[in-house]
Amino acid sequence: MKNHITLTTINFVKEKLEGAEAGHDWFHIERVWKLSKKIAEKEGGNLEVIELSALLHDIADPKFHNGDETLALKISKDFLEEIHVNAELIEHVLFVIKNISFKNRAEAPENPPLELQIVQDADRLDAIGAIGIARTFNFGGFKNNLMYHPEIKPNLGMNKEEYKKSNGTTINHFYEKLLLLKDLMNTETAKRIASERHNFMLQFLDEFYKEWNVEL
């Protein structure tokens, strides 16, 4: 049963993300929110922090806002204050939003709270498997990137700034991010789910190369 704060947040996020790129729209948020709750059923954690963090984690993804990493925090803080969420809860939610990103993993806290681990796992799970493949190609098309080029190799040593500016091929993105995520999961529940989705991506890549090279 959704409480008033959750429902208000859902409506806010739906409105804010109307017309967003399909890999980072309301349906992405909804999947991360539902995954977070399922992981929390097994792992525990403060469900209020988990739900609000999951719902607001991509309210202003920096890649669609000139790399601004402060905007999501500001929008989330203003919104949560406006609906009278207590200051301690807001602080926890903002901490999760600030530290969830793959590109910021080098700056991540050493002992992340369980709530951050869970929402981060849910977000990363939505980046792999069948949905992850679909989202990756959708975003590649959105940026008009090449699907694949045999002579353009993955850049595996990118720092944060290089990663943010990267316009490599969509297939390279599997090696630069997606295939790394399985080993970055925090919770045992997410690790089990990730293993299955990871294997599906490997099967997809095998088939992709066969078809690309016209191996009949």
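Before reading further, recall that the structure is shown in the block above.
Residues numbered from 1 in each chain as written. Predicted model: local features only at pLDDT ≥ 70, side-chain atom pairs only at ≥ 80, totals over all residues. Heavy atoms only, no water.

**Some remarks on the packing of aromatic side chains**
Pairs of aromatic rings are described using the distance from one ring centre to the other and the angle between the two planes.
Thinking step 1. Summed over all chains, the structure comprises 11 aromatic pairs.
Thinking step 2. Taking 6.1 Å as the distance between ring centres and 20 degrees as the angle between the ring planes, the aromatic pair formed by Phe139 and Phe142 counts as stacked. Here Phe142 and Phe139 lie together in helix H7 (residues 129–142), a separation of three residues that amounts to about one turn.
Thinking step 3. Given the relative accessible area of 19%, Phe139 is considered buried.
Thinking step 4. Both rings, one in Tyr148 and one in Trp212, keep their centres 4.8 Å apart while their planes meet at 85 degrees; by these two values the pair is edge-to-face. Of the two residues, Tyr148 sits in the loop between H7 and helix H8 (160–165) while Trp212 sits in helix H10 (residues 188–212), which places them 64 residues apart along the sequence. (Phe/Tyr/Trp six-rings, centres within 6.5 Å; stacked < 30°, edge-to-face > 60°. Helix = DSSP H or I, 4+ residues; strand = E, 2+ residues; numbered from the N terminus. Buried < 20%, exposed > 50% of the residue type's maximum accessible area, 1.4 Å probe, protein only.)

**Side note on the environment of Lys42**
Thinking step 1. Inspection of the secondary structure puts Lys42 in helix H2 (residues 26–43).
Thinking step 2. Judged by its relative accessible area of 63%, Lys42 falls in the exposed class.
Thinking step 3. Each C-alpha atom of the pair Lys42 and Thr187 lies 9.4 Å from the other, and the pair is 145 residues apart in sequence.

**Quick notes on unusual backbone geometry**
Most of the time, phi is negative for any residue but glycine, and the peptide bond is trans.
Thinking step 1. You will see that His84, though not glycine, has its phi angle at about 65 degrees, which is positive.
Thinking step 2. Locating His84 in the fold gives a position in the loop between helix H4 (71–82) and helix H5 (87–99).
Thinking step 3. Although it is not a glycine, Asn144 adopts a positive phi angle of roughly 60 degrees.
Thinking step 4. Its place among the elements puts Asn144 in the loop between H7 and H8.
Thinking step 5. Residue Asn144 is classed as exposed on the basis of its relative accessible area, which comes to 70%.

**Structural notes on the nonpolar core**
Thinking step 1. Formed by 51 residues in total, the largest nonpolar core has its most connected members in Leu56, Leu80, Leu125, Ile128 and Phe174.
Thinking step 2. Looking at this core element by element, the count peaks at seven residues for H2.
Thinking step 3. If near-sequence neighbours (up to four positions away) are discounted, Leu56 is found in contact with Thr9, Phe12, Val13, Ser76, Phe79, Leu80, Val93 and Ile97. (Core = buried A, V, L, I, M, F, W, Y, C linked by side-chain atoms within 4.5 Å. Contact = heavy atoms within 4.5 Å.)

**Quick look at the pattern of salt bridges**
Thinking step 1. Inspection of the entire model under this criterion finds seven salt bridges.
Thinking step 2. Here Lys182 makes a salt bridge to Asp183, at a shortest N to O gap of 3.2 Å.
Thinking step 3. Note that Lys191 is salt-bridged to Glu188, the shortest N-O span being 3.3 Å. One end of the pair, Lys191, and the other, Glu188, are both in helix H10, three residues apart, so they sit about a helical turn from each other.
Thinking step 4. In the salt-bridge network here, residues are joined through shared partners; they are Arg31, Asp126 and Arg135. (Salt bridge = Lys/Arg side-chain N within 4 Å of Asp/Glu carboxyl O.)

**Observations regarding H2**
An α-helical turn contains 3.6 residues, so any two residues separated by three or four positions project in the same direction.
Thinking step 1. Spanning 18 residues, H2 covers 25 Å between terminal C-alpha atoms, matching the ideal 26 Å at 1.5 Å per step.
Thinking step 2. The complete set of buried residues in H2 reads Trp26, His28, Ile29, Val32, Trp33, Leu35, Ser36, Ile39 and Ala40.
Thinking step 3. For H2, the elements touching its buried residues are helix H1 (4–16), helix H3 (47–56), helix H6 (114–125), H7 and H10.
Thinking step 4. By the N-cap criterion, in which a side-chain oxygen at the helix start approaches the backbone nitrogen of a residue two or three places on, H2 is capped by Asp25, the distance to Phe27 being 3.2 Å.
Thinking step 5. Count one or two residues on from H2 and you reach Gly44, which has phi positive near 90 degrees. (Expected span 1.5 Å × (residues − 1). Polar contact = N/O pair within 3.5 Å; in protein donor to acceptor, adjacent residues only side chain to side chain.)

**Re the environment of Asp126**
Thinking step 1. Take Asp126: it is sitting in the loop between H6 and H7.
Thinking step 2. Look at Asp126 and you get buried, because its relative accessible area is 1%.
Thinking step 3. In this structure, the C-alpha to C-alpha distance between Asp126 and Ile29, residues 97 residues apart in sequence, is 9.4 Å.
Thinking step 4. Residue contacts for Asp126: discarding those within four places in its chain leaves His28, Arg31, Val32, Leu35, Ile131, Gly132, Arg135 and Arg197.

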